[in-house]
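Structural overview for review
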Amino acid sequence: MAEELNSLEDLGSAMDATAAPLSGEANTQEEAPVYVQKLDKHGRAYATGKRKDAVARVWVKPGSGKIIVNGKEMTEYFARPVLQLVINQPLELVDRKTQYDVMATVSGGGLSGQAGALRHGLSLALTRYEPDLRSSLKKGGFLTRDSRVVERKKYGRAKARRSFQFSKR
């Protein structure tokens, strides 16, 4: 059953003989997944972004750089410049600000959460339209959903953690 080995060369040949059957099964290295372009019948890429309680449905198609949110221009819907900056971050990172038109519907949450959801959805839709942008958007942290949500209120408390004011009387 066990053969006798007298030298290192015998050991090497014995190891090669036993490792050969396993090389096809166990030693295969996993390849990185290949991402392909996903478009609908109208030539648009679709993605859903979420942040806090807000949900954004985003469609991206080639165009002049217009961003429409719930039927309004982005500057009209998100009047605060900080929110406009948040939404434009993924487009500026990959240098595609004037290359795509974005159509989005947002619901739930407040304006800040909606802007974050739109940024997340826009980043995902860009990767579905142009899979090569995935690495740069991933490094920027735009593809990861920010999972922080408001903590629920507990009974016997004023808020989630705040107690009622104590009085000794």
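In what follows, the accompanying structure is described. (Residues numbered from 1 in each chain as written. Predicted model: local features only at pLDDT ≥ 70, side-chain atom pairs only at ≥ 80, totals over all residues. Heavy atoms only, no water.)

Details of helix α4 (residues 111-129)
If you check α4, its first and last C-alpha atoms are 26 Å apart, about what 19 residues at 1.5 Å a residue would give, namely 27 Å. Most of α4 is tucked away, with 15 of its 19 residues classed as buried. (Helix = DSSP H or I, 4+ residues; strand = E, 2+ residues; numbered from the N terminus. Expected span 1.5 Å × (residues − 1). Buried < 20%, exposed > 50% of the residue type's maximum accessible area, 1.4 Å probe, protein only.)

With respect to the pairing of strand β2 (residues 54-62)
Sheet analysis places strand β1 (residues 45-51) next to β2, joined by 7 bridges and oriented antiparallel. Its bridge partner being in β2, Tyr46 is matched across the sheet by Trp59. The turn linking β1 back onto β2 is made up of 2 residues, and Lys52 within it adopts a positive phi angle of 50°. Across 8 bridges, the pairing between β2 and strand β5 (residues 100-107) is antiparallel. When the bridges of β5 are listed, Ala56 appears paired with Val106. (Pairing = 2+ DSSP bridges.)

Observations concerning the sheet that holds β1
Strands belonging to one sheet form pairs held by backbone hydrogen bonds; the direction of such a pair is parallel or antiparallel. Reading across the sheet, the 5 strands line up as β1-β2-β5-β3-β4 and stay open at both edges, with mixed pairing between neighbours. Of all strands in the sheet, those with a lone pairing partner are β1 and β4 (72-73), marking the two edges. Contacting β1, β2, β3 (67-69) and β5, α4 crosses the sheet at an angle of about 150° to β1. (Contact = heavy atoms within 4.5 Å. Axes fitted to C-alpha atoms, helices over the stretch in contact; angles between N-to-C directions.)

Considerations on the packing of aromatic side chains
Going through the model one piece at a time under the given rule, you end up with 3 aromatic pairs. Their ring planes at 75° and their centres at 4.9 Å tell us that Tyr77 and Phe78 sit as a pair that is edge-to-face. For the pair Tyr77 and Phe78, one class covers both residues: buried. A cation sits over an aromatic face here: Arg134 above Tyr35, 4.3 Å from the ring centre. (Phe/Tyr/Trp six-rings, centres within 6.5 Å; stacked < 30°, edge-to-face > 60°. Lys NZ or Arg CZ within 6 Å of the ring centre and 35° of its normal.)

With respect to the packing of helix α3 (residues 81-93) against α4
The N-to-C vectors of α3 and α4 enclose an angle of 10°; their axes lie 8 Å apart at closest approach. What the angle tells us is that α3 and α4 run roughly parallel. For the pair formed by α3 and α4, the contact residues are Leu83, Val86, Ile87, Gln89, Pro90 and Leu91 on the first element and Leu111, Ser112, Ala115, Leu118, Arg119, Leu122, Ser123 and Leu126 on the second. Taken together, the residues of the contact of α3 with α4 sort by class into 10 nonpolar, 3 polar and 1 charged. (Parallel < 35°, antiparallel > 145°, perpendicular 65-115°, else oblique. Nonpolar A, V, L, I, M, F, W, Y, C, P; charged D, E, K, R; others polar.)

Some details on a nonpolar patch on the surface
Among the surface-exposed residues, Leu5, Leu8, Leu11 and Met15 lie close enough to one another that they form a single nonpolar patch of about 410 Å² accessible area. Mapped onto the elements, Leu11 comes out in helix α1 (residues 8-23). On the basis of relative accessible area, Leu11 is assigned to the partly exposed category, the value being 37%. (Patch = residues over 30% accessible without salt bridge, like charges linked within 9 Å, V, L, I, M, F, W, Y side chains within 5 Å. Areas by Shrake-Rupley, 256 points an atom, 1.4 Å probe, with all protein chains shown as cover. Salt bridge = Lys/Arg side-chain N within 4 Å of Asp/Glu carboxyl O.)

Such coordinate-based values are descriptive only and should not be taken to indicate function.
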